[in-house]
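Observations on the model geometry
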Amino acid sequence: PCMGTSRLDENYDAGSYGAYSAFAGPGPSEYKAGEAFEATVVLNADHNGEARWSYCPHSQAEDEQCFLDHPLTDWIDVHDYWGGPSAACDEHCKSGEYFPQTVKLP
């Protein structure tokens, strides 16, 4: 779970995100099956990695395995938004950058 949160905890306010508070905002009041939501992904420290979205159904224990078992997206290179990896973009070249992403729920 993100930053040690648990289900039904209070939402973080924008000030909880430090230097990235300008990118934080309220999400939908509810998420519905089959719908999509818009997210902003911030690369605090770009290590040329990959990322994916996943979820854990409320009917299951909220642990790492649950999230691993329920991916929403494939793994993507974090540089795909800018055209993918390149020789000119070594480690940390996109640190502090951000990109939008649409995530569809099952």
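Residues numbered from 1 in each chain as written. Predicted model: local features only at pLDDT ≥ 70, side-chain atom pairs only at ≥ 80, totals over all residues. Heavy atoms only, no water.

Observations regarding the overall build of the chain
Heads up, the condition is: Strands are runs of DSSP state E lasting at least two residues, helices are runs of H or I lasting at least four, and both sets are numbered from the N terminus onward. Buried means the residue's accessible area, taken with a 1.4 Å probe over protein chains only, is under 20% of the maximum for its type, while exposed means over 50%, and partly exposed covers the values in between. Residue contacts are defined here by distance: any two heavy atoms, one from each residue, within 4.5 Å place the two residues in contact. Accessibility throughout is a Shrake-Rupley quantity obtained with a 1.4 Å probe, and a residue counts as covered only by protein chains that appear here.
Along the backbone of the chain there are one helix and four strands. C-alpha extents for the chain along the principal axes are approximately 45 × 30 × 25 Å. Looking at the 106 residues of the chain, the share that counts as buried comes to 19%. Counting contacts in the chain only where the partners sit at least 6 residues apart, residues at least 24 apart contribute 60% of the total. Put simply, the chain shows about 7500 Å² of open surface, and 50% of that area lies on carbon and sulfur atoms.

Here we look at the state of the cysteines
The condition that has to hold: Note on terminology: pairs of cysteine sulfur atoms within 2.5 Å are recorded as disulfides.
The tally for this structure, following the rule as stated, stands at two disulfides. The disulfide partner of C56 is C66, and the gap between their sulfur atoms is 2.1 Å. One quick way to see it: the torsion about the S-S bond of C56 and C66 is about 100°, and its sign makes the bridge right-handed. Of this pair, C56 sits in the loop between strand 2 (50-51) and helix 1 (64-69) while C66 sits in helix 1, placing them ten residues apart in sequence.

Here's the deal with the pairing of strand 4 (residues 98-104)
Consecutive residues of a regular strand have side chains that alternate between opposite faces of the sheet. Selection criterion: Between any two strands, pairing holds if DSSP finds at least two bridges.
Of the two faces of strand 4, the one lined by F99, Q101 and V103 is fully buried and the one lined by Y98, P100, T102 and K104 carries no buried residue. As defined by bridge partners, strand 1 (residues 36-42) adjoins strand 4 across seven bridges and the pair is classed as antiparallel. Looking across to strand 4, one finds that A39 is bridged to Q101.

Here we look at the side chain of D77
As a reminder of what qualifies: When charges are counted, neither His nor the chain ends are considered; positive counts come from Lys and Arg and negative counts from Asp and Glu. Salt bridge criterion: a side-chain nitrogen from Lys or Arg within 4 Å of a carboxyl oxygen from Asp or Glu. Side-chain atoms alone can form a polar contact between residues adjacent in sequence; in general such a contact is a pair of N or O atoms within 3.5 Å, and within protein one must be able to donate a hydrogen while the other accepts it.
With respect to the secondary-structure elements, D77 resides in strand 3 (residues 76-77). Of the buried charged residues, D77 lacks a salt bridge, with K94 as the closest side chain of opposite charge at 10 Å. Engagement of the side chain of D77 in a polar contact is seen with the backbone nitrogen of H79, the distance being 2.6 Å. Not counting residues up to four positions away in its chain, the partners in contact with D77 are G49, E50 and P85.

Looking at the environment of H79
Examined against the element boundaries, H79 turns out to sit in the loop between strand 3 and strand 4. Along the backbone, H79 and D46 are 33 residues apart, and their C-alpha atoms lie at a distance of 9.2 Å. If we ignore the near neighbours within four places in the chain, the residues touching H79 are D46, N48, G84, P85, C89, C93 and K94. A distance of 2.8 Å separates polar atoms of two side chains, one belonging to H79 and the other to D46.

With respect to the side chain of H70
Mapped onto the elements, H70 comes out in the loop between helix 1 and strand 3. Judged by its relative accessible area of 16%, H70 falls in the buried class. Within polar-contact distance, the side chain of H70 engages the backbone oxygen of C66 at 2.7 Å. Once residues lying within four places of it in the same chain are set aside, the contact partners of H70 are S54, Y55, P57 and Q60.

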